[in-house]
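# Fold and contact review
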Amino acid sequence: CDWSSDVCSSDLERLASEAIHLTSAFLVAGFTEAIGTLWEIDSISAREVTVAFYERVTGPSPEPPAVALHHCARQVRREHPGDPYTWAAYIHSGA
C-alpha cells in the first residue's frame, strides 16, 4: 500500500477516530486473523485456552482458528459457568 495514496490516507483518518486494541492492530498491520481478549485475563485460564487452541489448530484434524477458539471458550465456560470473566473476553477478528 502506498501510504501517500488517497485510499490509505482516508483509511488512516477513519482509524484515527476509532479505538484500536491490540487485536485489531494486527489486522491493520496486515494479518488476516488475530485472536485476543477484551480485557486482561487470569494467566492460568489464558494458558489453558492457549494450549487447547494450538492443539485444535495444529492437531490431526486442524480446525479454523475461529472454530478452535469457540470450542476453547465453551470448554472454559463449562468449567466455570458462573465466572464469565474467565471465558467471555476471548475474541477472534478477521476472515
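Residues numbered from 1 in each chain as written. Predicted model: local features only at pLDDT ≥ 70, side-chain atom pairs only at ≥ 80, totals over all residues. Heavy atoms only, no water.

Where nonpolar side chains cluster on the molecular surface, the patch consists of Leu22, Phe26 and Phe31 and spans about 330 Å² of accessible area. Position of Leu22 relative to the elements: it lies in helix α2 (residues 22-28). (Patch = residues over 30% accessible without salt bridge, like charges linked within 9 Å, V, L, I, M, F, W, Y side chains within 5 Å. Areas by Shrake-Rupley, 256 points an atom, 1.4 Å probe, with all protein chains shown as cover. Salt bridge = Lys/Arg side-chain N within 4 Å of Asp/Glu carboxyl O. Helix = DSSP H or I, 4+ residues; strand = E, 2+ residues; numbered from the N terminus.)

A few words now on the packing of aromatic side chains. For any two aromatic rings, the description comes down to two numbers: the centre-to-centre distance and the angle of the planes. The tally for this structure, following the rule as stated, stands at three aromatic pairs. An angle of 80° between the planes, with centres 5.4 Å apart, marks the rings of Phe26 and Phe31 as edge-to-face. Residues Trp39 and Tyr85 carry aromatic rings whose centres are separated by 6.0 Å and whose planes lie at 20° to one another, so their mutual orientation is stacked. Separated by 46 residues along the polypeptide, Trp39 in the loop between β1 (33-37) and α3 (43-58) and Tyr85 in the loop between α4 (65-79) and β2 (90-94) bring together distant segments of the chain. (Phe/Tyr/Trp six-rings, centres within 6.5 Å; stacked < 30°, edge-to-face > 60°.)

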